[in-house]
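Examination of the molecular architecture
Residues per chain, in single letters:
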2 protein chains.
Amino acid sequence: MSQADTALDRILELSVLINDDMTRSLARDQLTTSRAHIMWVLVAQGPVTQRVLADALGVSARTMTGLIDKLVEAGHVTREPHPTDRRATLVTFTKRGARVAAALQRDQVEFARILFDGMPAKRLNGLIEGLDDVLARLRAAGVSRSRESHA
Amino acid sequence: MSQADTALDRILELSVLINDDMTRSLARDQLTTSRAHIMWVLVAQGPVTQRVLADALGVSARTMTGLIDKLVEAGHVTREPHPTDRRATLVTFTKRGARVAAALQRDQVEFARILFDGMPAKRLNGLIEGLDDVLARLRAAGVSRSRESHA
DNA sequence: TATTGTTATACTCTATAACTATA
DNA sequence: TATAGTTATAGAGTATAACAATA
């Protein structure tokens, strides 16, 4: 196996591991990765329409309706009237939702701590340098993201 | 943002990008990531029972029934009788399935080429070193994989 | 006309439970 | 008894299409 194959193997393995761990962790707040992604957008942008959220996640309006339904059920957000556009709704944190979102941010910092705390700066910088290079190559090859990362 | 947060951000972004790209690419052969995972196991182990596949992917027997149904529909595999256990079936490549699986392997090599070709050995090794370190920390923290990686 | 969001419908992956056939 | 795989049912995320209300 070449070094390139080894590197790809490690990246795929890490993806699966991180994804599984996040899925487990999010389930405690009745969240999924898609629903959590919505929470992150709300943290960054404040109350926004479902249209904005659908574009941010790269999903259809129908899908967003379903995702928001679940977040409302869980008590994380409410649908508020838009002040000027009566077609639209403003997806807005409840107090509980805002608290959960803050916890998500803390969890993410804690997770970064687990992954990197005490790692020699040289190695950490080498990792970031390699990842940035790979990301640049992907974009150059036309692999563009359909949705933004949240972190 | 600390270096650790930056690194986690890059890893998550890369995960999403690679996942989206693979999903698009697999769809051309009527494959999904789960179905492709089955193809990889068959390449590595030859014909195996659905039970073995379910354990390899970490899914229920019911889920495997559905996944194999689709692979059979697409003409990638057949269900053959097990020579000694009449309860079991041996999931076996069709000629076409074997050809598609070989193409998947070539695609993976090509993908690794896109990601890493021409990258300075020092940087590539730094990337692998960092990834290995992160993987070791994850395992130390009790984040174990529920299913094997295939590559 | 164009846009926001919903209802209707469907497909994929996932699960548990009940069941058949076989070990 | 236990195991392999299926049928039945359900829930998650995803989609398109038709439609309502509004811009």
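Each value, and the rule that gives it
- Residues numbered from 1 in each chain as written.
- Chains lettered and ligands numbered in written order.
- Predicted model: local features only at pLDDT ≥ 70, side-chain atom pairs only at ≥ 80, totals over all residues.
- Heavy atoms only, no water.
- Contact = heavy atoms within 4.5 Å.
- Buried area = accessible area lost by both parts, 1.4 Å probe.
- Salt bridge = Lys/Arg side-chain N within 4 Å of Asp/Glu carboxyl O.
- Polar contact = N/O pair within 3.5 Å; in protein donor to acceptor, adjacent residues only side chain to side chain.
- Helix = DSSP H or I, 4+ residues; strand = E, 2+ residues; numbered from the N terminus.
- Pairing = 2+ DSSP bridges.
- Axes fitted to C-alpha atoms, helices over the stretch in contact; angles between N-to-C directions.
- Parallel < 35°, antiparallel > 145°, perpendicular 65-115°, else oblique.
- Nonpolar A, V, L, I, M, F, W, Y, C, P; charged D, E, K, R; others polar.
- Buried < 20%, exposed > 50% of the residue type's maximum accessible area, 1.4 Å probe, protein only.

The interface of chain A with chain B comprises 53 residues on the first partner and 53 residues on the second. When chain A packs against chain B, close to 5300 Å² is buried across both sides, 69% of that on carbon and sulfur atoms. Of all residues in chain A, the largest losses of buried area upon contact with chain B belong to Leu-8, Leu-17 and Arg-137 of chain A, amounting jointly to 11% of the total for that side. Counting across the interface, chain A meets chain B through eight salt bridges. Close ionic contact of Arg-10 of chain B with Asp-132 of chain A constitutes a salt bridge, the shortest N to O distance being 2.4 Å. Viewed at the interface, chain B and chain A are joined by 15 residue pairs in polar contact (both at pLDDT 80 or more). Of all elements in the fold, only helix H1 (3–27), helix H5 (95–116) and helix H6 (121–140) of chain A reach the threshold of two or more residues within the side of chain A that touches chain B.

Residue and element names in this part refer to chain A. Relative to strand S3 (residues 89–93), strand S1 (residues 48–49) runs antiparallel, the two being bridged by two bridges. Each residue of the ladder has a partner; that of Thr-49, found in S3, is Leu-90. Relative to S3, strand S2 (residues 77–81) runs antiparallel, the two sharing five bridges. Considered in S3, the bridge of Pro-81 is made with Thr-89.

Angle between the axes and distance between the axes are the two parameters that describe a pair of packed helices. Helix H5 (residues 95–116) of chain B packs onto H6 of chain A with a crossing angle of 115° between their chain directions and a minimal axis gap of 7 Å. Between H6 of chain A and H5 of chain B, the interaxial angle falls into the category roughly perpendicular. Together, Val-134, Arg-137 and Leu-138 of chain A of H6 of chain A and Phe-111, Ile-114, Leu-115 and Phe-116 of chain B of H5 of chain B make up the contact between the two elements. For the contact of H6 of chain A with H5 of chain B, the residue count by class is six nonpolar, no polar and one charged.

This next bit is on the environment of Gln-30 of chain B. Residue and element names in this part refer to chain B. Mapped onto the secondary structure, Gln-30 falls in the loop between helix H1 (3–27) and helix H2 (33–45). Residue classification places Gln-30 among the partly exposed positions, given a relative accessible area of 42%. Sequence-wise, Gln-30 and Asn-125 are 95 residues apart; in three dimensions their C-alpha atoms are separated by 35 Å. Leave out the neighbours within four places in its chain, and Gln-30 touches Arg-35, Ala-74 and Arg-96.

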